[in-house]
Amino acid sequence: MSGNSNWQQHLVTAMAFNGSASSNSLRLLMDLQQVSQMAQAFSGCLDPTVIAKQVTDQIISVFDCAFARIWLVEADQTALRLVASSGLYTHTDGSFSRVAMGAYKVGKIAQNRIPFLSNHLAEEPWVKDREWAIAEQITGFAGYPLAVGDRVVGVLAVFSHRPLSPEFLEVLQYLCATVTVALDSALAHQREQQSPIHSSVVVLPLSEQIATLLSQSRFCLVGTERLLPMSLNVLLLRTGEMLSQLQCSHCRLMYESTQVLLDAMVIPDIGSNASLPVKQLASRNLQDWIAAIFDELRLASACVGGTLQTLSGAANQAMLQVLLTLPYPDSRSQTSPLSDREQEMLLLLAAGFRDRDIADQLHISERTVKFHINNAIAKLQVQTRCQALYQAVIRGWLDRGLPV
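Per the secondary structure count, the protein chain includes 13 helices and eleven strands. Long-range pairs, those at least 24 residues apart, make up 60% of the contacts in the protein chain with a sequence separation of at least 6.

It is worth spelling out the nonpolar core at this point. Membership of the largest hydrophobic core comes to 39 residues, with the highest contact counts inside it found for L236, L243 and F294. Those elements that place two or more of their residues in this core are α6 (168-194), α7 (206-213), α8 (230-245), β8 (247-255), β9 (259-267), α9 (286-303) and β11 (320-327). No other element matches the nine residues that α9 contributes to this core. Beyond its immediate sequence surroundings of up to four residues, L236 is in contact with L206, I210, L228, L253, V260, L262, L324 and L326. Judged by nonpolar contacts, the second largest core, of 33 residues, contains V153, F168, L172 and L175.

Now for the packing of helix α11 (residues 355-362) against helix α12 (residues 366-379). One can describe the packing of α11 onto α12 by two numbers: an axis separation of 8 Å at closest approach and a directional angle of 110°. The angle between α11 and α12 falls in the class roughly perpendicular. Contacts between α11 and α12 involve D355, R356, I358 and A359 from the former and E366, V369, K370 and I373 from the latter. Here the contact of α11 with α12 is composed, by residue class, of four nonpolar, no polar and four charged.

So, on to the pattern of salt bridges. The tally for this structure, following the rule as stated, stands at 13 salt bridges. Note that D263 is salt-bridged to R252, the shortest N-O span being 2.9 Å. In this pair, D263 sits in strand β9 while R252 sits in strand β8, placing the two residues eleven residues apart along the sequence. On the basis of relative accessible area, D263 is assigned to the buried category, the value being 9%. Linking K370 and E366 is a salt bridge whose minimum nitrogen-to-oxygen distance equals 3.7 Å. Remark: E366 and K370 occur in helix α12; sequence separation between them is four residues, near one turn of the helix. The exposure class of E366 is partly exposed, given its relative accessible area of 37%. What you see here is one network of salt bridges that share partners, running through R151, D184, R238 and E241.

Conventions we followed
Residues numbered from 1 in each chain as written. Predicted model: local features only at pLDDT ≥ 70, side-chain atom pairs only at ≥ 80, totals over all residues. Heavy atoms only, no water. Helix = DSSP H or I, 4+ residues; strand = E, 2+ residues; numbered from the N terminus. Contact = heavy atoms within 4.5 Å. Core = buried A, V, L, I, M, F, W, Y, C linked by side-chain atoms within 4.5 Å. Buried < 20%, exposed > 50% of the residue type's maximum accessible area, 1.4 Å probe, protein only. Axes fitted to C-alpha atoms, helices over the stretch in contact; angles between N-to-C directions. Parallel < 35°, antiparallel > 145°, perpendicular 65-115°, else oblique. Nonpolar A, V, L, I, M, F, W, Y, C, P; charged D, E, K, R; others polar. Salt bridge = Lys/Arg side-chain N within 4 Å of Asp/Glu carboxyl O.

By themselves, these figures tell us nothing about what the structure is for.
Next comes the structure, spelled out in structure tokens:
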């Protein structure tokens, strides 16, 4: 991925996974390359279970852990449900398939939103089965909350045969920033699909959604709007939500050939933003304020190859520029392998129609709809229709028919 040399440099330092200063540098660079590709593996996917499984599989592959798991918070917010497990254990229906909020360490991490690392798992008082930990030689444990603001989406937990360095939590922080955005977006899409009025829902273009969030600011669109990968779309909306809580004077959404930018000016009025986490800081200087407000978004943007910059004037700090830059591939020169019918199916999927809605609209059977969609999946060499839609969109093969 391009544009992320700074955070990759930081990851090189953070990825002293086994605490050994003599780790093979070539292996470290190979691991780093795989980490930088993790976000792309699930970018655009709208199935939370698929995303979670891809993440746990890759953690096992990259970090050589014993096993890794992801729990998602259930709709009633009282428990977590195990949705993905890779490595030593791959089943999701065991004794920890459902964990009450606040129970065991996983439930406490979700409840308190505090990352945790231990290298003496068998000695921890919260461990349910110490004999199991000893027998399986499970030494290290690291858990990280998947949180969006004050909402918890789930928990990622990693178990290791070897001690984990404290820096490993920093690695998880980078990974979880993107995982959380992807899962939150997929869960929202899942709820929308389950809604009985889904087929009548009209999704506004991104520019109109951001303009609605920033209704008190001067907003303008520069360039021709195009459909973005879901991960980029959600990041831009998250930034818009954050800007709406600040004194944003004006904002521009700019589409360029290989990147999309959100450029805004805000007034860093620390004293008036009581609802923001900066109120919890002991120091009220500008840098602390910036870190508290924007660090989460900065990490998430770095994980998809983008940057979030905050620039203040040297003479005074009355205004702060916030510039979010997100790259996207420009593969329009490639010839689409999809037939007109297959592109039509993907266009209707992108518009939010279900199989039976597409069948009714085109006066064909649901079996025929599935046949064309499966052909598109095979031609694009992906596993799911969500991935097929994503690949077709980022290559510009559906832009001719998508509303903007």
